[in-house]
Amino acid sequence: MAVIGAVTDDFTGTASAGVLVARSQAKTGLFFDADAVKNFKDSERLDAVYVSSNSRHMPPREAYRAVKEVTEELKQMGISYYSKKIDTTLRGGIGYEIDAMLDCIGPDTTAVMVTAMPQSRRVCVGGFSIIDGVILTETPVAKDVKTPVRECYVPELIRGQSKNQVDFICLRDVLSGVDPL
């Protein structure tokens with residue numbers, strides 16, 4: 001039975017993240033949407049399920065609804081561990097989508113957001129998103145026609161989209177060890 005369930009905002013994210021898990025020998029299913037998961041009858045043969053909510057370009061309420069719908073399907077499958085994959089360039093309604101997953105999973109859940117993918121030259125320094133050595137808001141991706149990015153300080157971007165408390169854990173905190181965290 002699948003224990004890992006991930007919701008992505010487009011199928012490219014589904015494929016790229018799902019392939020990484022599949023490389024570890026986990027039996028991984030990639031799905032285009034919530035209906036595809038609902039209609040899949042062999043979920044007990046999978047270890048991980050990656051599903052696109054197709055929500056990146058949706059307005060906030062629609063994105064929330066789409067992610068919640070996929071998360072509910074994952075819950076029906078008995079998923080134990082959840083992931084909400086975000087766009088590495090922070091496009092879309094990331095905060096609304098995280099809220100949808102948290103609301104569906106339950107009140108005792110904490111989201112941990114990692115906004116870096118060094119192998120793709122996307123890093124986070126002091127909370128600021130940097131792509132190929134350039135601050136996110138100065139890159140061409142920030143001028144995306146459908147989902148422009150106007151904020152490069154990640155905690156502020158999420159605070160503007162989420163009803164949940166947002167905190168920033170800096171490298172100094174991480175290096176202090178488990179107890180302070």
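Presented here is an overview of the structure given in this document. None of these values were measured; they are calculated from a predicted model.

What to know about the sheet that holds strand β3 (residues 48-52)
With respect to topology, 4 strands assemble into an open sheet ordered β2-β3-β1-β4, the strand pairing being parallel. Each edge of the open sheet is held by one strand with a lone partner, namely β2 (28-31) and β4 (81-84). Each strand axis lies, on average, 15 degrees off the axis of its neighbour in the sheet, ignoring direction. With 5 bridges connecting them, strand β1 (residues 4-8) and β3 associate as parallel partners. Pairing of threonine 8 across the sheet is with serine 52, part of β3. Packed on one face of the sheet, helix α1 (residues 11-22) meets β1, β2 and β3 and runs near 175 degrees to β2.

Examining the sheet that holds strand β6 (residues 128-131)
Across the sheet, 3 strands lie side by side as β5-β6-β7; this open sheet has antiparallel pairing. The outermost strands of the open sheet, each flanked by one partner alone, are β5 (122-125) and β7 (134-135). Sheet topology places β5 next to β6; 4 bridges connect them, and they run antiparallel. Bridging across to β6, valine 123 finds its partner in isoleucine 130.

Thresholds, definitions, all that
Residue indices follow the written sequence of each chain, beginning from 1 at its first position. Predicted model: local features are reported for residues with pLDDT of at least 70 only, side-chain atom pairs are reported and counted for 80 or more only, and whole-chain, interface and lining totals are derived from all residues. For side-chain calculations, the full set of non-hydrogen atoms in the structure is used, while hydrogens and water are omitted. Whether two strands pair comes down to DSSP finding at least two bridges between them. Under the DSSP-based scheme used, a helix requires at least four consecutive residues in state H or I and a strand at least two consecutive residues in state E, with every element numbered from the N terminus. Here an axis means a line fitted to C-alpha atoms, over the contact stretch when the element is a helix, while the angle between two N-to-C directions is reported on a 0 to 180 degree scale. By definition, residues are in contact when any of their heavy atoms lie within 4.5 Å.

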